Amino acid sequence: MDELLVAQINDELKTLKTEGRYRLANELQSPQGPEVRMDGGGRIMLSSNNYLGLADDPRVIDGAKKALDEFGNGTASVRFICGTMSLHQKLEKKIAEFLNVEAAVTFISCWDANVGLIPTLAGQDDAVFSDALNHASIIDAIRLTKAKRCVYPHRDTVKLEQLLKENNGARRKLIITDGVFSMEGDLAPLPELARLADKYQAVLAVDESHATGVLGEHGRGTTEHFGLQGQVDIQTSTLGKALGGSCGGYVAAKKTIVDYLIQYSRPHLFSNALPPAVCGGAIAAIEILQTEPQRLKRLHENVSYFREQLSKLGLKVLPGETPIVPVMIGETATAITFQKGLLNKGVFVCGFGYPVVPKGEARLRCQICATHTKEHLDRAGAAFKEVKKDLGL
Ligand SMILES: Cc1ncc(COP(=O)(O)O)c(C=O)c1O
C-alpha cells in the first residue's frame, strides 16, 4: 500500500541528489577524536562537538564500563514506575553542584529536555518568546505548547521588548534562547535578556548545549561567561557534546521547578531513563572538566589560532569567540563540493545548506577541540587554502 508514498519520496530524494544537496552518511571507523578513521584513512576531525576531547578519554570509557557492570544495560522502564537508579540521582546531584544550582533532572537527550521543559511550563494562557535562530528542539518544543508564540529576530532585544510589552498580560512569560547558536557560533545577548526578564517578570531559560564545558571560567556556559548566575532561571544542556559526547540532556533550575518537571513533563513520564553507561561516562566527564581547567584554556587557544589562520586566507569567517567557526560559502552545492575537496585532503568538515540554514547562506562549520594539536590546525588550514584555490573561490 505504500507504493505512492515511496514514489513521492523517491522524487524528493532524486531532487536532492541532482541539486547536490543529498547528505552523505560520513561513516566513522574509529572512536570520535581529533583524528578519526574514515574511508579506511585518517582524517582530522573538524566537525564534532567533542570540545574537550572527552569522547574517547579512557577515564570516561572506564566510568561508562563500571556503571554498565554495576547497573546493567538499562532501566527497562520510565523513571516513575521503576526506572530511577541511584546512579541517575548521583549524576543529577553532580550536575546541580557543577552548575551551582538547586537541582537537575536528566532526559535521554537535550532535545527531550527542551520538549520536556517548554510545553510543561507554558500553557494556554502563557507566552513564549524565542530567538528566530534557536535550535530545532526549542522550535519543535514551542510547537507543542498551546502558549502564544512570539519569535523575535536573531538577537533583536528591541523587538523582544516590544513583544513582551504587547503580551504583558500573559499568565506566564518564558524567554528561551540558545546560549551559543549552533550554526552561527555567536552568543545570546544574555545580560539584556536578563534585564528584560526582570523588568517584565518573565522567566529566562537558556539552552547551554554548545556552551557547557566551553564558556565561563569553570565551563558552566554562557550563564557563567556573562556572570548571570542567579539571573538565568533555567538551564538546559546536553551530555552529548563537551561532557563526554555520548547522549543525554538535563534541565537545571530551582528545586520546585525540577520537582514540577518530574511530576508533569511528558518525556520524563513516558520515556525510559538514561542508560547507566551514559550516566557513568557523564559523571567521569564532569569530574575531568572540574579537575583539568587546562582543557578549557587549550580549547580557547586553539580557537583563536584557527580563526586567525582562516581569516588570513581571505575566507569569510563569521566572527566570534566560540569553537564553532562557520566559513560562509553561499550555495549549498558549492559547500558540499568544498567539503568533498577537504575530505580528499584529509580533513573532515561538515557543509550545511538549506533547509538547515537559510538559502544562499550555506557554510562549512568548523568545530575546534581542546585535543587538536597545532599541527592538526596547520594541516587543516593548508587544506582550506588548497581547496579554495582549486574551486576558484
Ligand atoms: C542548542 C542545542 N540544543 C539541543 C540540542 C540537542 O541535543 P541532544 O543531541 O542532546 O538532543 C543541540 C544539538 O545539536 C543543540 O545544539
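Residues numbered from 1 in each chain as written. Predicted model: local features only at pLDDT ≥ 70, side-chain atom pairs only at ≥ 80, totals over all residues.

**Quick look at the overall build of the chain**
Reasoning step 1: When you go through the chain residue by residue, the secondary structure sums to 15 helices and 13 strands.
Reasoning step 2: Scaling as 2.2 N^0.38, a compact globule of 393 residues should have a C-alpha radius of gyration of about 21 Å, and the chain matches this with 21 Å.
Reasoning step 3: Projected onto the principal axes, the alpha-carbon positions of the chain cover approximately 55 × 55 × 55 Å.
Reasoning step 4: Counting only residues that meet the buried cut, the chain has 50% of its 393 residues in that class. (Helix = DSSP H or I, 4+ residues; strand = E, 2+ residues; numbered from the N terminus. Rg over C-alpha atoms; globule rule 2.2 N^0.38 Å. Buried ≥ 20, exposed ≤ 12 C-beta atoms within 10 Å, placed from the backbone.)

**Let's talk about the sheet that holds strand E5 (residues 148-152)**
Reasoning step 1: An order of E3-E9-E8-E7-E6-E4-E5 is seen for the seven strands of this open sheet, with the pairing classed as mixed. Looking at the sheet topology across the chains shown, the edges are occupied by strand E3 (103-107) and E5. The average angle at which neighbouring strand axes cross in this sheet is 20 degrees, direction not considered.
Reasoning step 2: Direction of pairing for strand E4 (residues 127-131) relative to E5: parallel, over a ladder of five bridges. Residue Ser-130 lies in a different strand from E5, and its bridge partner there is Val-151.
Reasoning step 3: Packing of helix H8 (residues 190-199) onto the sheet brings it into contact with strand E6 (173-178) and strand E7 (203-207), and relative to E7 it is tilted by some 155 degrees.
Reasoning step 4: Sitting on the sheet, helix H10 (residues 255-264) touches E3, strand E8 (234-238) and strand E9 (249-253), and the angle it makes with E3 is about 30 degrees. (Pairing = 2+ DSSP bridges. Axes fitted to C-alpha atoms, helices over the stretch in contact; angles between N-to-C directions. Contact = placed C-beta atoms within 7 Å.)

**A word on the site of the ligand**
Reasoning step 1: Around the ligand, a shell composed of 14 residues is seen, among which Ser-109, Cys-110, Trp-111, Ser-209 and Thr-238 lie nearest.
Reasoning step 2: Partitioning the shell around the ligand into residue classes produces three nonpolar, nine polar and two charged. (Near = placed C-beta within 6 Å. Nonpolar A, V, L, I, M, F, W, Y, C, P; charged D, E, K, R; others polar.)

**A few points about the sheet that holds strand E12 (residues 350-352)**
Reasoning step 1: If you walk across this open sheet you meet the three strands as E10-E13-E12, and the pairing is antiparallel. Here the strands that pair on one side only, and so sit at the sheet edges, are strand E10 (324-330) and E12. Neighbour-to-neighbour, the strand axes of this sheet turn through a mean angle of 30 degrees, independent of strand direction.
Reasoning step 2: As defined by bridge partners, E10 adjoins strand E13 (residues 362-367) across six bridges and the pair is classed as antiparallel. Looking at E13, one finds that Gly-330 is bridged to Ala-362.
Reasoning step 3: Taken strand by strand, helix H14 (residues 332-344) contacts E10, E12 and E13, and its axis lies near 35 degrees from that of E13.

**Describing the domain arrangement of the chain**
Reasoning step 1: Per the domain assignment, the segments making up the chain are domain 1 (21-51 + 293-390) and domain 2 (58-291).
Reasoning step 2: Residue-level contacts link 17 residues of domain 1 with 13 residues of domain 2.
Reasoning step 3: Breaking the side of domain 1 that touches domain 2 down by element, the ones donating at least two residues are helix H13 (294-312) and E10.
Reasoning step 4: When residues in the side of domain 1 that touches domain 2 are grouped by element, the largest group, three residues, is from E10.
Reasoning step 5: For the side of domain 1 that touches domain 2, the residue count by class is eleven nonpolar, five polar and one charged. (Domains from an automatic or database assignment.)

**Some details on the packing of H13 against helix H15 (residues 374-390)**
Helix-helix packing is described using two parameters, namely the angle between the two axes and the distance between the axes.
Reasoning step 1: Interhelical geometry of H13 versus H15 gives an angle of 20 degrees and a closest axis separation of 10 Å. Here H15 runs roughly parallel to H13, going by the angle between their axes. Crossing handedness for the pair H13 and H15: right-handed. Contact residues: Asn-302, Tyr-305, Phe-306, Gln-309 and Leu-310 in H13; Lys-374, Leu-377, Gly-381 and Phe-384 in H15.
Reasoning step 2: Residue classes in the contact of H13 with H15 are distributed as five nonpolar, three polar and one charged. (Parallel < 35°, antiparallel > 145°, perpendicular 65-115°, else oblique. Left-handed = near helix turned anticlockwise from the far one by under 90°.)

**A closer look at the environment of Gly-381**
Reasoning step 1: Considering the arrangement of structural elements, one finds Gly-381 in helix H15.
Reasoning step 2: With 73 residues separating them in the primary sequence, Gly-381 and Glu-308 have C-alpha atoms 9.9 Å apart.
Reasoning step 3: Residues in contact with Gly-381, not counting those within four places in the same chain, are Gln-309 and Leu-310.

**Description of the pairing of E8**
Reasoning step 1: The buried count for E8 comes to five of five residues, which makes it a mostly enclosed element.
Reasoning step 2: Pairing analysis gives three bridges linking E7 to E8, with the strands arranged parallel. Directly across from Val-206, in E8, lies its bridge partner Gln-235.
Reasoning step 3: Note that E8 and E9 share four bridges and pair antiparallel. Residue pairing for E9: Gln-235 is matched across the bridge by Ala-252.

**Brief notes about unusual backbone geometry**
Reasoning step 1: Residue Ala-76 is not a glycine yet carries a positive backbone phi of 55 degrees.
Reasoning step 2: Looking at the element boundaries, Ala-76 is found in the loop between helix H2 (58-71) and helix H3 (79-83).

**Notes on the environment of Leu-377**
Reasoning step 1: Inspection of the secondary structure puts Leu-377 in helix H15.
Reasoning step 2: Look at Leu-377 and you get buried, because 21 C-beta atoms sit within 10 Å.
Reasoning step 3: Leu-377 sits 68 residues away from Gln-309 along the chain, and the two C-alpha atoms are 8.6 Å apart.
Reasoning step 4: In contact with Leu-377, other than residues within four places in its own chain, are Asn-302, Tyr-305, Phe-306, Gln-309 and His-372.

**Section: the packing of H2 against helix H12 (residues 276-291)**
Reasoning step 1: For the pair H2 and H12, the least separation of the axes is 7 Å and the interaxial angle reads 145 degrees. Considering only the axes of H2 and H12, their crossing is right-handed. Residues Arg-59, Val-60, Asp-62, Gly-63, Ala-64, Lys-66, Ala-67, Leu-68 and Phe-71 of H2 pack against Pro-276, Ala-277, Cys-279, Gly-280, Gly-281, Ile-283, Ala-284, Ala-285 and Ile-288 of H12.
Reasoning step 2: Taken together, the residues of the contact of H2 with H12 break down into twelve nonpolar, three polar and three charged.

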